[in-house]
Each structure stands twice: as C-alpha cells, then as structure tokens.
Amino acid sequence: MASFISCPHCGIRPKEEFTVRGDASVIRPEPDASDEAWHNYVHIRANPRGRTREHWQHVFGCRRFLVVERDTVTHEVYSVTDGGSR
Amino acid sequence: MTFAPACRYANVRENHGTVKGMRYSAFALVKQALQGNRGWTPAWREPQPKPHYDVIIVGGGGHGLATAYYLAKEFGVKNIAVLEKGYLGSGNVGRNTTIVRSNYLLPGNEPFYEFSLKLWEGLGQDLNYNVMLSQRGIINLFHSDADRDAHIRRGNAMWMEGVPAELLDRETLKKMMPFLNFDHARFPIMGGLLQKRAGTARHDAVAWGFARGADRHGVDLIQHCEVTGIRRENGVVVGVETSRGFIGCGKLGLAAAGNTSVVGQMAGLKLPIESHVLQAFVTEGLKPCIDHVITYGAGHFYISQSDKGGLVFGAEIDGYSSYAQRGGLATVEHVMEEGVTMIPGLSRVRVLRSWAGVMDMSMDGSPIISRTDIDNLYLNCGWCYGGFKATPASGFCFAHLIAKGETHPAARFLRLDRFERGYPIDEHGAGPQPNLH
Amino acid sequence: MTAYRLPEGGLVDRTTSLDFRFDGTRFKGHPGDTLASALLANDQLLLARSFKYHRPRGLVTAGVSEPNALVSIGSGARTDANTRATVAELYAGLEARSQNNWPSLKYDIGALNNLLSPFLSAGFYYKTFMWPAAFWEKLYEPLIRRAAGLGRAVLERDPESYEKCWTHCDLLIVGSGPAGLSAALTAGRAGLRVVLAEQDFRMGGALLSDSTAIDGNSASVFAEASLAELATLPNVTLMPRTTVFGWYDDNVFGAVERVQKHVAQPIAKLPVERLWRIAAKRALLATGAEERPLVFGGNDRPGVMTASAIGTYANRFGVAAGKSVAIFTNGNAGYRTAADLLRHGVGIAAIIDTRSDAPAVDDLKDVRIIKGAGIVDTMGGQRLGKLVFERSGYEEVIACDAIGMSGGFNPVIHLACQRGARPVWSSELDTFLAPDVGGGLSIAGAAAGYYTLSACLADGAEKAATIAADLGFAVTADEAPAVGEEVDPSFTTLWYVPGAKSKAFVDFQNDVHARDLGLALREGFGHIEHAKRYTTNGMATDQGKLSGVNAAGILAGMRGVSPAEVGITTFRPFYTPVSFGALAGTARDMHAAPKRVSPLHGWAERNGAVFVEAGLWHRSSWFPREGERTWRQTTDREVLNVRENVGLCDVSTLGKIEVFGTDAAEFLNRLYCNAMAKLPIGKARYGLMLREDGIVYDDGTVSRFGENHFFVTTTTGLAAGVLSHMEYCAQVLWPDLDVRFTSVTDQWAQMSIAGPKARAVVQAMIEDDISNVAFPYLSVGVVTLKGGLKARLFRISFSGELAYELAVPAGYGESVADAVIEAGRAHGICAYGLEALNVLRLEKGYVTHAEFDGRVTPDDAGFGRMVSAQKPDFIGKRLSTRYGLTAADRMQMVGLKPAEKDKTIRAGAHLLKDGAKPSTINDQGYVSSACFSPVLGHDIALAFLKSGRERYGERIVVWDRLKNEETMAEVCEPVFVDPLSAKLKV
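Residues numbered from 1 in each chain as written. Chains lettered and ligands numbered in written order. Predicted model: local features only at pLDDT ≥ 70, side-chain atom pairs only at ≥ 80, totals over all residues. Heavy atoms only, no water.

Turning our attention to the overall build of chain A. The number of helices and strands found in chain A is one helix and six strands. Along chain A, helices (α) and strands (β) appear in the sequence β-β-β-α-β-β-β when read from the amino end. The principal-axis extents of the C-alpha atoms in chain A amount to approximately 40 × 25 × 20 Å. Put simply, chain A has 86 residues, and 52% of those count as buried. Long-range contacts, defined here as pairs at least 24 residues apart, represent 41% of the contacts in chain A between residues at least 6 apart. With the model as given, the accessible surface of chain A reaches about 3,800 Å², and the carbon-plus-sulfur share is 50%. In chain A, which carries 12 positive and 12 negative side-chain charges, the distance between the mean positions of the two groups comes to 5 Å. (Helix = DSSP H or I, 4+ residues; strand = E, 2+ residues; numbered from the N terminus. Buried < 20%, exposed > 50% of the residue type's maximum accessible area, 1.4 Å probe, protein only. Contact = heavy atoms within 4.5 Å. Areas by Shrake-Rupley, 256 points an atom, 1.4 Å probe, with all protein chains shown as cover. Lys, Arg positive; Asp, Glu negative; His and termini not counted. Charge placed at Lys NZ, Arg CZ, Asp CG, Glu CD.)

The next point concerns the overall build of chain C. Along the backbone of chain C there are 21 helices and 53 strands. Taken over the C-alpha trace, chain C has a radius of gyration of 38 Å; the compact-globule value for 986 residues is 30 Å, which it surpasses by more than 25%. Expressed along its principal axes, the backbone C-alpha trace of chain C runs to roughly 115 × 75 × 55 Å. Of all 986 residues assigned to chain C, the portion counted as buried reaches 63%. Contacts in chain C between residues at least 24 apart in sequence constitute 67% of all its contacts with a sequence separation of at least 6. Carbon and sulfur atoms make up 53% of the accessible area of chain C, which totals about 35,400 Å². Considering chain C, the positive charge centre built from 104 side chains and the negative charge centre built from 110 side chains are found 5 Å apart. (Rg over C-alpha atoms; globule rule 2.2 N^0.38 Å.)

Our focus in this paragraph is the pattern of salt bridges. Scanning the entire structure with this criterion turns up 89 salt bridges over all chains. The partner of Asp149(B) in a salt bridge is Arg148(B), and the shortest N-O contact between them spans 3.2 Å. Among the salt bridges present, the one from Arg316(C) reaches Asp200(C), with a minimum N-O distance of 2.7 Å. One end of the pair, Arg316(C), is in the loop between helix H6 (307-315) and strand S19 (319-320); the other, Asp200(C), is in the loop between strand S10 (194-197) and strand S11 (213-214), and 116 residues separate them in sequence. (Salt bridge = Lys/Arg side-chain N within 4 Å of Asp/Glu carboxyl O.)

A separate point is the packing of aromatic side chains. Inspection of the entire model under this criterion finds 51 aromatic pairs over all chains. Arranged with centres 6.5 Å apart and planes meeting at 65 degrees, the rings of Phe409(C) and Phe491(C) form a pair that is edge-to-face. Of this pair, Phe409(C) sits in strand S27 (residues 409-411) while Phe491(C) sits in the loop between helix H8 (453-470) and strand S31 (505-507), and the two are 82 residues apart along the sequence. Looking at Phe409(C), the relative accessible area reads 13%, which means it is buried. Taking 3.9 Å as the distance between ring centres and 5 degrees as the angle between the ring planes, the aromatic pair formed by Phe525(C) and Tyr534(C) counts as stacked. Residues Phe525(C) and Tyr534(C) agree in their burial class; the two are buried. Three or more aromatic residues link up through ring pairs in this structure, and these residues are Tyr24(B), Trp40(B), Trp44(B), Tyr129(B), Trp208(B), Phe124(C), Tyr125(C), Tyr126(C), Phe525(C) and Tyr534(C). Sitting over the ring of Tyr926(C), Arg153(B) keeps its end group 3.3 Å from the ring centre. The ring of Trp734(C) carries Arg670(C) above its face, with NZ or CZ at 5.2 Å from the centroid. (Phe/Tyr/Trp six-rings, centres within 6.5 Å; stacked < 30°, edge-to-face > 60°. Lys NZ or Arg CZ within 6 Å of the ring centre and 35° of its normal.)

All names here are of chain C. Two elements in contact, helix H9 (residues 514-522) and helix H10 (residues 528-535), have axes separated by 10 Å at closest approach and are oriented at 120 degrees. Here H9 lies oblique to H10, going by the angle between them. Crossing hand, H9 versus H10: right-handed. Judged by residue contacts, Asp 516, Leu 517 and Ala 520 of H9 engage Ala 531, Tyr 534 and Thr 535 from H10. Taken together, the residues that form the contact of H9 with H10 break down as four nonpolar, one polar and one charged. (Axes fitted to C-alpha atoms, helices over the stretch in contact; angles between N-to-C directions. Parallel < 35°, antiparallel > 145°, perpendicular 65-115°, else oblique. Left-handed = near helix turned anticlockwise from the far one by under 90°. Nonpolar A, V, L, I, M, F, W, Y, C, P; charged D, E, K, R; others polar.)

Moving on, we get to the interface of chain C and chain B. The partner chain B presents 119 residues to the 120 residues of chain C that form the contact. Surface buried jointly by chain C and chain B totals about 10,300 Å² across both partners, of which 56% is contributed by carbon and sulfur atoms. Considering only the side of chain C, the residues that lose the most area to chain B are Leu155(C), Phe580(C) and Leu962(C), jointly responsible for 9% of the buried surface there. At the boundary of chain C with chain B, the tally comes to 13 salt bridges. Asp853(C) is paired through a salt bridge with Arg153(B); the nearest N and O atoms lie 2.8 Å apart. Joining chain C to chain B, the criterion identifies 67 residue pairs in polar contact (both at pLDDT 80 or more). The element that contributes the greatest number of residues to the side of chain C that touches chain B is helix H3 (residues 133-146) of chain C, accounting for seven residues. Split into classes, the residues belonging to the side of chain C that touches chain B amount to 53 nonpolar, 28 polar and 39 charged. When strand S16 (residues 350-362) of chain B meets strand S33 (residues 578-579) of chain C, the two strands line up antiparallel, connected through two bridges. By the bridge assignment, Val351(B) is partnered in S33(C) with Val578(C). (Buried area = accessible area lost by both parts, 1.4 Å probe. Polar contact = N/O pair within 3.5 Å; in protein donor to acceptor, adjacent residues only side chain to side chain. Pairing = 2+ DSSP bridges.)

The terminal C-alpha atoms of H3(C) lie 19 Å apart, and with 14 residues this matches the ideal 20 Å at 1.5 Å per residue to within 8%. Where H3(C) is concerned, the buried positions are Trp136(C), Tyr140(C), Glu141(C), Ile144(C) and Arg145(C). Residues of H3(C) that are buried sit in contact with strand S14 (302-305) of chain B. (Expected span 1.5 Å × (residues − 1).)

All names here are of chain C. Read from one edge to the other, the open sheet built from three strands follows the order S34-S36-S35, with strand pairing classed as mixed. Sheet topology places strand S34 (596-597) and strand S35 (610-614) at the edges, where each strand pairs with a single neighbour. Direction of pairing for S34 relative to strand S36 (residues 617-622): parallel, over a ladder of two bridges. Residue pairing in the sheet places Val 597 in a bridge with His 618 of S36.

Taken residue by residue, the interface counts 23 residues in chain B and 25 residues in chain A. Remark: the boundary between chain B and chain A carries one salt bridge. Note that Arg45(A) is salt-bridged to Glu274(B), the shortest N-O span being 3.6 Å. Elements with a contribution of two residues or more to the side of chain B that touches chain A: helix H9 (260-266), strand S12 (273-283), strand S15 (311-321) and helix H12 (418-421) of chain B. Classifying every residue of the side of chain B that touches chain A by side-chain character gives 11 nonpolar, eight polar and four charged.

Here the focus is the side chain of Asp853(C). Its location among the elements puts Asp853(C) in the loop between helix H20 (834-844) and helix H21 (883-886). Polar side-chain contacts of Asp853(C) include one of 3.0 Å to the side chain of Arg855(C). For Asp853(C), the residues in contact, after removing those within four places along its chain, are Arg153(B), Gly429(B) and Tyr926(C).

Here we take up the pairing of strand S23 (residues 374-379) of chain C. All names here are of chain C. Counting buried residues along S23, five of its six residues qualify, which places the element largely inside the surrounding structure. Taken together, the five bridges between S23 and strand S24 (residues 386-391) define a ladder with antiparallel strand orientation. Bridge assignment links Thr 378 to a residue of S24, and that residue is Leu 387. The turn joining S23 and S24, which pair antiparallel and follow one another in sequence, is formed by six residues; a positive phi near 130 degrees is taken by Gly 380.

Turning next to the sheet that holds strand S48 (residues 891-898) of chain C. Residues and elements named next belong to chain C. Here six strands make up a closed barrel; going around it, the order is S48-S51-S50-S49-S52-S53 and the pairing antiparallel. Going across the sheet, the axis of each strand differs from the next one's by a mean of 45 degrees, ignoring polarity. Those strands touched by H20 are strand S50 (925-933) and strand S51 (938-946), and its axis lies near 115 degrees from that of S50.

Attention shifts here to a nonpolar patch on the surface. On the surface, a cluster of nonpolar side chains totalling about 580 Å² of accessible area is made up of Trp102(C), Ile109(C), Leu112(C), Leu115(C) and Leu116(C). For Leu116(C), the location among the structural elements is in the loop between helix H2 (112-115) and H3. (Patch = residues over 30% accessible without salt bridge, like charges linked within 9 Å, V, L, I, M, F, W, Y side chains within 5 Å.)

All right, on to the environment of Ala482(C) then. Residue and element names in this part refer to chain C. Tracing the backbone through its elements, the reader meets Ala 482 in the loop between H8 and S31. Residue Ala 482 is classed as partly exposed on the basis of its relative accessible area, which comes to 49%. When the C-alpha positions of Ala 482 and Gly 9 are compared, they lie 23 Å apart, and in sequence the two are 473 residues distant. Look past the residues within four positions of Ala 482 in its chain and what remains in contact with it is Ala 213, Ile 214 and Asp 215.

Turning our attention to the nonpolar core. Core analysis: the biggest nonpolar cluster contains 103 residues, and Tyr70(B), Phe112(B), Trp120(B) and Ile403(C) have the highest contact counts within it. The biggest single contributor to this core is helix H11 (residues 387-404) of chain B, with nine residues. Beyond its immediate chain neighbours, meaning those up to four positions away, Trp120(B) contacts Val100(B), Val131(B), Leu133(B), Ala201(B), Val206(B), Phe388(B), Lys389(B), Thr391(B) and Pro392(B). Of all hydrophobic cores here, the second largest spans 50 residues; its members include Ala3(C), Phe20(C), Ala41(C) and Ala314(C). (Core = buried A, V, L, I, M, F, W, Y, C linked by side-chain atoms within 4.5 Å.)

Below, the structure is given as structure tokens:
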C-alpha cells in the first residue's frame, strides 16, 4: 500500500493517518433484498488481483471515509475520492 | 495423561500402496558420508504431467503436498498430481514464523488443531523426514483481569479437548523469563497461558517431507505448472488448463491459500476471502536466549528462536488487501515497537531480514475445508495467520473429504456454508471484517 | 608477523593512537581505522569461528558484506553482538570479543565438527535424529540448539535512546562513491534538494581506496574537495553513517543513522541511532559493486581476502595484509591490486590468473605471473602459509601470507530489487543487473555495471542531470574531471576452480561449500530457492552478498544452463541488519502507548484510589481506607455502602458522542437494533448496537435532549470503534440523512451517584427539582448546579440502585466531585471504583464486554424481545435471522450460584452436566463474569449455557481444570439483587 494517501480534503498525508475498513465495491442491499444478496454483501469479496476499491478513513484528519482505488499487486494508487459522493 | 478426544480421529489411519525411494536414517547418513555423499538420490521425481489424474491438487505448498501425501498413503488414491506454479513450498509454508500449537478457544477450531498437533508429534517418523518439531511450549501473556479471564476460558476449553494447559502467574514468569518487561511496561504483565506441547517446526522441511512422502507414494509433483483455467462440463470439473497444457482430472482440490480467490474465480466460486499481507522477520543468529514461543497480549507480537539461532517474529497483518509479497515500513516499525515493549533487551538485537506472505483472510478468521456447489471441486482455504500449524490436519482432513466425499470429524465445522447458515467460528469475536482477525 | 601497518599512506590519523581490546588483549589503532583495519595492522588474522564447522576465520572483505569477522562490541547492557569488524569505527576504549568458540578463539572444541563434516552434509538433520522418537526432544534437539547462533544477546534493558524522523527531498542518492558524488555535485549545483546517504563513517566510497588519479591528485583528494563543495550548498544534506536499508511504496526509503555507535560514552541527550524515513521524489542508487570471491579449495583460511579488500586496507588504511601477497584473479582488476601493493612496498608472491590468454601488464615485469592456473588448496593452519596451484596437471606450492581473490564484480542492486523486480542476467558483464524499475529509482555507476572511475563519474553526472531535467531544474554542463590511467575491468568468469583438494567455500559464515550445492542439486533441490533453503547458502548475516551470485553460477554450471535460467534468490529488506531499537524509536516501556486519564483522575488520586489499566485508560479501581488490607475488603465495603447509603463513581471514560440533525432520530433508529425514533425528549434509553452480521457490537445509553439533539454513550473500550462505525454509516451508507456528530468523551466529567440516598445528595447540589415525580427513572435534562454551573443529569443506573449520572464540563470535574463528596458526607457517601462497579452490575445481571465478546446475539444475552421487529431496517437486522443465530441450542446467559455458599466460581471456567465426562462435545458453556457478592454473602456468576433459559434450577458442574477445581452450582435467572427493579424507580 502506498506510503501516502492524497486525501481530497486534507492533501497528501502519511498512510498512518488513515485506517482501512475494507472493500468499497460492495453496496448495502435494500432491506427486502434476497438472503443471498445480504450474505454476499456481508461475506463475499471479489478480492481482485489488480485494481480494487477500498474504504479508508482519515481517522487522524478530516475523519471522512474515502474510496481509494488502487492496485493490490503494485500498490499503485489510481484515485482517492470521498466515500459519500458515489 | 490421556488425550482421548483427539485420538479418536487418529485411528482411521491405514497404509496403502508401496513406498519407493531411499530411506533416511543415521545408518544411511554414515554410509553415504563414507562414499563422499555421492549416492544420495533425488528427494522427488520431476515427472511430466499425464493427460489425466484421478485427483489434482492445485497448490504445491504445505497443505497441497500434505493433502496429496495423505490421499495416497491413508486413503489409497492412486493417480494424483499436485500442480505448483512456482517451486514446491514456495508459498506460505516457506514464509511463516514456524509456530505449531493447539491452544484455541472455540469448539470449531480446537479439536482440529489438536488433531493437527497429534499428527505433528509423529510426523518425522511418519514421513521419514525430520521436520524438527520442537515442543518448547508457547506462552500467551495477558495484561488485565479481562484478558486473564479470557485466557482462563481458553485454557479450560483446551482441557475440554484433553489438551493440557497451564496458567502461569507473574512470579513464575519472572523466573522463567526474566527478560520480559516486568518493571516499566505500559501494560503490566499479569501472567500467561502455557501450552507445553506447542512449539516450532522447520517450515521448509515440512514442505519437503510431505513432497518426498507424496512422491514415494507415487504422486506426481509438477512444478512450474500454473493453472490458468478450470474446465467444466455438465456442471462438473473435467480438468484444468495450465501453462503446460490441459490436464484432465476426476476430482479437483484447491489448496492455493493466498491466491484462493484468483483460482476460485476460474470455477466461478464466490468466496468469503480477502488476501492480506503479513510480514515476518528474523534476526541475526544468536546463542540460545529465548526458550519458548512467546506472544504479547497487549499487542500482536510473537517470537521464538530458531534452531539456527535467529529470533523469528511477527505481529499483525498490514491491514489492506494485497497480493504483493511485501509490506510497509510503518508495520515494520510497529512490530519492533511491540517487540521492545515486551522484551526491552531486544533493542540492540539486529533484524536481518523481513519478508511477507499473502494470507487468505476469511470473514471469521477461521479456515475452510469444504465441498463446493460443484460436485467434484473441493476447497481448502482461509487459513489467515494459522496455516502452518494446521498443515498435517489440513492435508489429512482435505484428503478425507476428497477421497470419501464426507467431512472428517475434526474439520466438520470448517464448512464454506457456515457464513450463510450463521455458524461463524469467530475466535477473536471481531465479526466479518477480515483485517480485524 | 605477516600483516602490518605501512610506514606511510592511508586516511588514518597517525598522530593519534587509540587503545582498544580484542578478546582481552590490548591493541592500538588510529582514528580513521575500522576495528578490522586496526586488528589487521596488529597482525591479528584470526578473528572468528564459522557457524557450522567452527573453522578459523579472518577478514574476507573491508566492508558491509563481511561474512567472517563478526565480533561482539561493548559490555553489559551495551553489548552489540554480531558486529562486522569491517564497518565498526574504531574509538578509544573499544572492547571487542570473538564469538562462537569455546574455550577460546584459538582452541575451539566446536572445531570437532570440521572432522565430522562428511556426516554433516547439507540438510543432514532432515535425514536423521528421528529414532528413537523421544531422543529428538531430549537429546538431539537440545544439542542442535546449543550450537545455534554466533553472538550472545544479553537481553538486558538497553540504556540508550533512539528516535525517528521524516525527511523529504527531490533526490536521494545512496552511496557517496564516484557515481554518487558526481551525481550529488550535478544535482546540488542545479538546486535540487539532495540527500546523500553513505553507510560508511567517511564519505567517498571507492574513491577512498582507489589509487587512480583525478585531476592530477589522488581520488580521495577529489572526494574531499567535492564533499567540501557539497557542504556549502544549503540544498544538499550529507548523511554519513547512514545506511539506506529498504525501499518502500511511494519512493519512501528507510534508513538508519548511527549517531553515536562510534563513541565509548554516548551523550544522553542524543539518540545512538536514528531511523529516517526519506520521502524522495527520485532516488539514485550509487551503491557500487562487490568483488566476487573465487571458489577454490582452502579459500577460507585467514589471510585469504578479496583483492579489493587488500587494496582498501593498503590504500585507505595504510595496512598491508601480508608481506608476500599472492593475487588469484580471473580478470585485470587483480593486477591493479598487485601494482598498488608494489607501490606500497609489499611483496607479491605471484599473480595466478585463471586465464591462459591474460594480457601482459608492463609495470609488473618483476612479478611472477602464472596464467591458465588455479589455486586448489591452501596450507597453514590458522593463518595462511602456502598455496597450492595447479596448471596443466602439475601442482606447485608457493609460500605466501595473503591471497587476494578477484573473481569479477557484482553490482549492488539490493534496494532496486526489494519490491518484486527480478534481477536480470547480463551475459556481457556476467552478472545480475537490476531491471528498469520505473521512474522513481535509477541506478548509476558500478551498481549499473560501469566499473571504471571515469565511467562512474560520468554516469553519476549524467543520471543526475536527467533526473534534474525531469523535475524541471536547469542543469549546466560541468567539465568532467580528468581521470588518470585505468585498468580495463574485464574478466573471464570462473565460478568454481576445478581440482579443489579441500573444501571450496561459497558461503563462508554458514560453511556452505561447492559440494553442498552439488548435493542439493543431486537431491532435487536445484532450484535456486530450494538450494538456498537446503544448504543455507545466503542465509547468513551477510544475506548472500558474497555468495549469492557465485551459488547461482555454480548451480548453473552443474545444471548445464545459463545463470539467467537459475536466477538469484529474492532481495528483501534489510540491506544490512538494523537494530530493533532504531526501528522502534521512542515507543517503548511507558511510552509504548498513550496513557489516558479521566478528568477526575486527580480527584481519585486525592481520595487514595488504586488505578488499573483499562485499554489506554487508567481507571480508579478501588479506594482503600485505613485498616483495609485487601482489595476485596475495600470493594465489599464500597458495594455495601452503595446498596445501603450512597457512592460516587467516576464513569467519565465511557465514550460520549453528541448527535445532531433533523435525521438524528432516524439515524439512531437504524444504528441500534431497538427502537429509538420515538424516544421522548428528556428521556434516556438503553441501546444495543449490532454488527451487520447480527452479533452485538456495543451497548450504551441514548438520551434525547431535543428534537434534533441526542447524546449517546459507548463502552470505554469501543468508544473509538463506535464513532468510526457511526461515521461509516452516516457518510457511506446513508449520506442522504441529515445528521452530524462528534466525540465529546474528553469534554465531560461524568460521575455516577448511586444508592438509596443518591437523591438527597444530588438534590442538595442542584437548583432543579429531581423528585421521583419531576425526574423519574430514565429522565435526562440540563440542570443548574448551586452556584450556577450548567450540568447534565441522567437518571440511569448500572448498579440497580437509585442513581444519577451527573456530567459537568471536564474542567469542573474535580471541584464538582469534591462538592458531591461534601454534600454526601452526612449520608455516608464513599467513592467507589471499577471493582465495586463490577460487583454491583453483576449482582443486578447487567452485562459488559465480558458477556458481549463478539459472538453473542441480543437473544443470547436475554435482549431478544428488545430487538425491534417493526423497524424495516437497522444494522444487523437481516443476518441476525440466520439459522445458526437463532438455533435453540445456542448458549444463553444465565446466573450461577454455588451449591455450597463458601465455594468459589471463577470467570473462564466451563460448564458440564453433572456426571458428564469433560470433552468438547460435552462442554455446556462457560462463566463470563464472577464475583463475591457482599450482599448475598457468596459467589455469583454470569454464564453462557446451552439452552440456558430452559435450565433454571439445574445443578451444573463449574469446571475449572486450570485450577483443578470443580464446583457444583445452581443455574438461575441472571439477576441476584432486586429482580423486580423496585429500587431503581423509587
């Protein structure tokens, strides 16, 4: 993982200011979605070898959840956007 | 002292087939030495892949090799291949901290890991390969009343399975390990839970021992053979596409922890797995100074000393999903901080090498040995931090499942569908977030 | 005597003498010496014993790759084991000791292993020690372990300090040799922020030992002048004694600076080592090249070194490695060493060149040059006396006291290959080079395969100019320095000198010799990684710096393939070993983690509290009074006093979060599993938060202060986690909800005033009416303290007593607590701590994280009916209905009472049916919390028991095998005091 994360609100900051929550590609289903949809949401992960989207929170900064799009092999970061602005 | 509950799994063992190849012994060593060590033969063959096998195991790491070994030796399966994309033992079996233990809390885990430890205890003889099991004992330190209670609960859970455990108080620990931080610790050491039968084993030797054993039972170990696709017809697997061409199979077992999702995807499996990076470290060789495996309760640090003298240690995963076998400097620093906090005298010890493995982190922190929705496709994955100690039992139980089509009793809770059904085995109580386990 | 200090020359300060000791013997050296050069100057050739065979060993190198000369430096808690004498800077009073020998370096019993070596072939231990099984653990393994390691770690508290820093630069240059220096000059003059890191204590790298002239002066003069210029540039930082050990993501480099490792008495205010994280826009590796040892019989005898090491000792340190030095070479570089030595007046026994077609060298006319020959053995016990060479089937013995081996060069590409890039074989240079690793890092000079001084200087300047231009700096072309006559550095590779009559070592420290590699190959371990792991080649403290490429070459030869096909083992951090101390910095002991204290900490201290760790917090645990000898006595008194009178407890450490917004109610309704939307203003409610998998995450209270204003509490341990979880829900899951919140944990001092007389005490302090009618159970509100301070009052209880939690701004905490005690004095108030709090809650059956351990559902803990069936959605709703989470045989929370009142129940004990044999299958559950109830006069416990709520009244075995205790207990409802909660509502 990158040593720095470019927070859209705070600028380039050391990775240690952030904590990672996990896969940002899963979307919380509607309450009446199928059991399988809910199981998939909570438990199943694409876990790609390559490009992935992950939630990182700028805990020691603006406390926003960010979506970090990056590569799981090269650790290159492609983009960092605010997690609330889908 | 009896170990009745775990022994019940061991009596299924039979010996099938004939063993080929050289037998190791002190006598052989002397004989060969006198002949200038020129007479040693290869530990395993380098066969060309056959067009078809009854069983193919994907992954020539510890678990895959152990599976093939037990399939051939215990379950009489004749026509087996192990496909490995790199060299044998090039995955996590060769990059762990070599700890072997069975000090688990939950009934889904403890019998399995105790079965594994039982297998470890006879493994050298069974394989005719010294895996250098060293039952020096593991001590989990605790630092608060709540922590102590949790360890008592765990120790009693171990005893329920017939696994001896001891609670050590601070004074006893002081005598055993005066080098621990008793005087200036931010989180004072209150005591520890000891499992005497736990310890370490020589990790590479485990891979090689199983490889040689499997080979001696006729298993084809095919290195540098990367699986690139899984061919299915009429809902069942018929074989695998590999970098060395198509190879047919009757049954397919996946034991590719670290890359489980990548391989699983070839068969359309959707899995509760994230790949994470875990770093490990070794110091320069030192004269014996740490006699046990010790874990830090106020952090995640664990340390032991290898038979070569290096202190082997690690702590938690870096926390982000990764397939790169390398970690970050911040985690390195954090591991060292925990190290000197637990053992202040480590401060001047120099760290020689760091490395990293890719962990299959499952959603409850426990492994999966399971059938899948595809009839002849079997899955062995999700080992998180704990794969090495599980190697023999993982192989045994996975072989049992593949050969007999039914779950081995020691692994009966490790099913893939436990998440859907609401039976997680959550040793840390952290919930479905892999990087918290 | 063989090795000696030359009468003149070298970069040591001959005007000053430094006393030091090795194995107790006193020696003298000079400032500028390494321990190795000083020992060599004193003719101390024998410095160490090898790992496996305990063979006598001396210096092989003059630098970081030294495999043999490892010593322990310092004494007591200041001992540094396994220090390479070749990089240890000499200081007055240095104490060094040899390692891995007994009883002495000279007479070492362990050397018996050498005689047994045929039986100790590579991997021998995997093939034996298996019978009888018990002997492995009792006999064999202890023997093997005793032989482990080289140096001895004292494991005493380190008296010295360490620190960490960040630095940022445009260009990090690693290595200050010709390429690094010329790069630094170019980049520095162009205005880049440059960091020039050099692992040596003296900057200049190979320039310090190269005899080639630059601009008419010696190379070291050029280095001095260049460094002097760089020192004047404000944009250039020179970092000697700084080893860059690792390359991490985003071009961050880890480096360790040895601030005070070269002094006898470190200054206390300075660290001894400093960790640098260097964030570099670009980096240039100018790490040089390593000379390859030749693999020939007897190549490990003290006195056999690389030719470049012999050259360095002569040119830089003014030390001759011998009086009659033989050079064994497969290229032209060895001739240069011979010429250097001749210039210093050192005799050359012969030059043995493996090449039959070696070119003639004019200035060595008087030297015996033996072409097409190879050394096959050496003689002389613990110091070299003779060599045996073989040519065309004939052997000859030559007397000599040192051999300089020159087997070609390996560029130092370690850092460039730490991040997954595989080295590539260059058939032109017969070695591995780093591949193109991308824009962030380039390689210059010998590390890039340029072995002449002029090429290194030019390459460094050129690469720096390219980087400067890339970063937008204007570069002016400088005139290249004029370099004197140079030796063509070409060589003809010979991986293994045939005909060895004794062991030909590849990895010196680990005693791996060429035949071990052959054995590995024969046994199927021919893959380079297998060979490494099987033979331990490259696993010693030098991590294969000398042995790695040779092993690849030898294996390639044996397999009949190119080394390109064999490859080389993976380079990983650390380039050279780094201390725990440097990597840990200041985060140790009491500074391992921050210490949090409550705003009432001082008040608690004044009241005699004993504190306990609770996560990062220090919490008041009990308040002993005179005459009380145990915590139990104190706690019992506190509990009874709360039950009979009134007590004050600091509950400030609970997580506190203010929640605002027009959707705050809706937000909390979705966050908690129980209904929150209709919580009336002025009321509090217990709240249970689930994880998305239906398991209890945390609990606390939710209070409503206004239509759009709530206040929630969390448990102490999960305060940070819950806040983050709420932020995730608000920001990511439901960004459309209008809700804002912030942690106010540290802003409020909060105290619980509990007991039948609590109202009297609180009422005495505040203006508002808090009668049961005006302020009934679960009321909350803003009140005015007498004196005018606004405070918050919550009528909630964690003890089962009439209780109020009074919250005041943190700064007022201690005064208010004092005032409460004062107001309560007449009512018999006491301060009570965490222990009493725990007993009080247990007596009432209230849960904590001892119960909510991350595996418990609301129903397990008896909260099943609280979970709202009406709400369409809340976190955890859907997955909480999974089969396994609702199964009837789940463990449910129950109470336990010992059948005999004087028996103890301990948390962590498990439960068995009466008469059942202990086994995992028979395990019925466990005790989550237990204590002695002073009210009831016996132990009580909360436990989780399979189908527990059906089993009230059953007698069950409480099984604590760790303590060897079995206690009969009765299963009961998990409430021991005031089951109807009458006391709460009065």
